[in-house]
Amino acid sequence: MRLFIATVLDNVRVADGYNELAITWSRETEPPLPGQFATLRCGRSTAPLLRRPFAFSSFDTFSSIAKMIVQERGPATAILARARPGDSVDVLGPLGNSFPSPAPGCTPVLVAGGVGIGPIVYFAGRLARLGRSPVCVFGARSAGLLPASVLARAGPSLVICTEDGTEGIAGNVVAGLESLDADVLGRCEVYVCGPSAMMAVVAKFAERRGARCWVSMEQIMACGVGACMGCAIRVKSPEEYARVCTEGPVFDACTIVW
Ligand SMILES: Cc1cc2nc3c(=O)[nH]c(=O)nc-3n(C[C@H](O)[C@H](O)[C@H](O)COP(=O)(O)OP(=O)(O)OC[C@H]3O[C@@H](n4cnc5c(N)ncnc54)[C@H](O)[C@@H]3O)c2cc1C
Ligand code: FES
């Protein structure tokens, strides 16, 4: 982990309300892995005061360029949405753990919605390079919220679901999961990143089928490095709580108290 000043190389609108930000990554810092995140200081004034966490949607080792998908939600993400090539951004990372490798013989089934699409697409690319064939299920309320150019990097096995039926299967990601072949679902390991309610239903779906499920938890963070306990979530362990920024963000779904 390192604190450094990155340069914005590109900032491209990829869907309604979503940009993909490309920044230089310090070569003295370890490469960020799928599932890990960095905290960014957004803007130069004291507001917003706290750094904000963002996961990686890609990393190119050769050029040392990291990308993140940013959804405009409030003051910090509005500043990032306006970032221009050449701007500086203060980065701390990589932070947290990463998605674990699927067990041999299991099909990795990757599920994402919203800002979860970035890290899941990055993970899908990494798995493909390791000779695994992930199946990806992406969900959104409507087609305009899906970043088509980013999804194209997820590989050939792609299931799209939209709640209003404007693209792919009409329904949520569970409808997408139910559409998968029985032999995929029979021996799979599930990875999910997105809104908490979506992750909870996917975790239940996996549990019913006896499949291992990993969830990347999203929690409002203050320090991002394990010092403040601001990101604690309830878990089934003697400690009762775990910090998303340090023990996570990726957890075995069966340890989470939803
Ligand atoms: C590990 C991790 C990885 C993340 N990766 C990404 C990413 O790749 N792309 C991306 O766009 N966002 C990501 N986020 C969420 C991002 O950090 C928040 O959207 C951002 O901090 C919002 O800042 P803001 O000032 O724009 O909005 P704020 O004014 O801080 O928040 C706007 C609204 O969003 C809600 N909110 C803010 N942060 C979170 C959060 N972490 N979880 C749930 N609700 C929240 C607030 O309650 C509020 O209603 C990630 C969060 C975590 C913890
Ligand atoms: S954000 Fe401070 S401990 Fe996680």
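Definitions and limits used
- Residues numbered from 1 in each chain as written.
- Chains lettered and ligands numbered in written order.
- Predicted model: local features only at pLDDT ≥ 70, side-chain atom pairs only at ≥ 80, totals over all residues.
- Heavy atoms only, no water.
- Helix = DSSP H or I, 4+ residues; strand = E, 2+ residues; numbered from the N terminus.
- Expected span 1.5 Å × (residues − 1).
- Buried < 20%, exposed > 50% of the residue type's maximum accessible area, 1.4 Å probe, protein only.
- Pairing = 2+ DSSP bridges.
- Phe/Tyr/Trp six-rings, centres within 6.5 Å; stacked < 30°, edge-to-face > 60°.
- Lys NZ or Arg CZ within 6 Å of the ring centre and 35° of its normal.
- Near = heavy atom within 4 Å.
- Polar contact = N/O pair within 3.5 Å; in protein donor to acceptor, adjacent residues only side chain to side chain.
- Areas by Shrake-Rupley, 256 points an atom, 1.4 Å probe, with all protein chains shown as cover.
- Domains from an automatic or database assignment.
- Axes fitted to C-alpha atoms, helices over the stretch in contact; angles between N-to-C directions.
- Contact = heavy atoms within 4.5 Å.
- Buried area = accessible area lost by both parts, 1.4 Å probe.

1. Quick notes on helix H2 (residues 117–129)
Then comes step 1: Between its first and last C-alpha atoms H2 spans 18 Å; for 13 residues at 1.5 Å apiece the expected length is 18 Å, and the two agree.
Then comes step 2: Taken as a whole, H2 has its buried residues at Ile117, Gly118, Pro119, Ile120, Val121, Tyr122, Phe123, Ala124, Gly125 and Leu127.
Then comes step 3: The positive-phi residue at the C-terminal boundary of H2 is Gly131, with phi of around 85°.

2. Focus: the pairing of strand S3 (residues 37–41)
Then comes step 1: Across the five residues that make up S3, a large majority, four, are buried.
Then comes step 2: In this structure, S3 lies alongside strand S4 (residues 52–55), joined through four bridges in antiparallel fashion. Bridge pairing in S4 places Thr39 opposite Pro53.
Then comes step 3: When S3 meets strand S7 (residues 88–95), the two strands line up antiparallel, connected through four bridges. Bridge pairing in S7 links Arg41 to Asp90.

3. Digging into the packing of aromatic side chains
Then comes step 1: Enumeration over the complete set of coordinates arrives at six aromatic pairs.
Then comes step 2: Arranged with centres 6.4 Å apart and planes meeting at 75°, the rings of Trp25 and Phe59 form a pair that is edge-to-face. Taken together, the positions of Trp25 in the loop between strand S2 (18–24) and S3 and Phe59 in strand S5 (residues 58–60) put the pair 34 residues apart, joining distant regions of the chain.
Then comes step 3: The buried category is assigned to Phe59, whose relative accessible area is 12%.
Then comes step 4: Grouping aromatic residues by their ring pairs yields a cluster made of Phe4, Trp25, Phe56 and Phe59.
Then comes step 5: For the cation-ring pair, Arg209 lies above Phe205, with the distance from its terminal atom to the ring centre recorded as 3.7 Å.
Then comes step 6: Between the NZ or CZ atom of Arg234 and the centre of the ring of Tyr241, over which it lies, the distance is 5.9 Å.

4. Re the site of ligand 1
Then comes step 1: By nearness alone, 18 residues border ligand 1, and Arg52, Pro53, Ile69, Thr77 and Glu218 come closest of all.
Then comes step 2: One of the side-chain N or O atoms of Arg52 is found 2.8 Å from an oxygen atom in ligand 1.
Then comes step 3: Between ligand 1 and Gln219, the relevant distance is 3.2 Å, taken from a nitrogen atom to a main-chain nitrogen or oxygen of the residue.
Then comes step 4: Burial of ligand 1 by the surrounding chains reaches 77%, relative to a free accessible area of 870 Å².
Then comes step 5: Going through the elements one at a time, S4, strand S6 (65–71) and helix H1 (75–81) are the ones with two or more residues in the shell around ligand 1.
Then comes step 6: Per-element accounting of the shell around ligand 1 gives the leading share, four residues, to S4.
Then comes step 7: For the shell around ligand 1, the two domains that each supply at least three residues are domain 1 (2–95) and domain 3 (219–258).

5. Here we look at the sheet that holds S3
Then comes step 1: Spatially, seven strands are ordered S4-S3-S7-S1-S2-S6-S5 in an open sheet, and the strand pairing comes out antiparallel. Looking at which strands have only one partner, the edges of the open sheet turn out to be S4 and S5. The mean angle between the axes of side-by-side strands here comes to 35°, regardless of whether they run parallel or antiparallel.
Then comes step 2: As defined by bridge partners, S5 adjoins S6 across three bridges and the pair is classed as antiparallel. By the bridge assignment, Asp60 is partnered in S6 with Ile65.

6. Side note on the domain arrangement of the protein
Then comes step 1: For the protein, the assigned domains are domain 1 (2–95), domain 2 (107–216) and domain 3 (219–258).
Then comes step 2: Listed per partner, the contact involves seven residues of domain 1 and seven residues of domain 3.
Then comes step 3: Between domain 1 and domain 3, a total of about 570 Å² is buried, with carbon and sulfur atoms accounting for 72% of that surface.
Then comes step 4: At the surface where domain 1 touches domain 3, the tally comes to zero residue pairs in polar contact (both at pLDDT 80 or more).

7. Quick notes on the sheet that holds strand S12 (residues 188–193)
Sheets are built from strands paired through backbone hydrogen bonds, the pairs being either parallel or antiparallel.
Then comes step 1: With mixed pairing, seven strands are arranged side by side in an open sheet as S11-S10-S9-S8-S12-S13-S16. If you trace the sheet from one side to the other, it starts and ends with strand S11 (169–170) and strand S16 (250–252), each paired once.
Then comes step 2: Pairing between strand S13 (residues 212–216) and S16: three bridges, direction antiparallel. From the neighbouring strand, Val215 faces S16, where its bridge partner is Phe251.
Then comes step 3: Those strands touched by helix H6 (residues 196–208) are strand S8 (107–113), S12 and S13, and its axis lies near 170° from that of S12.

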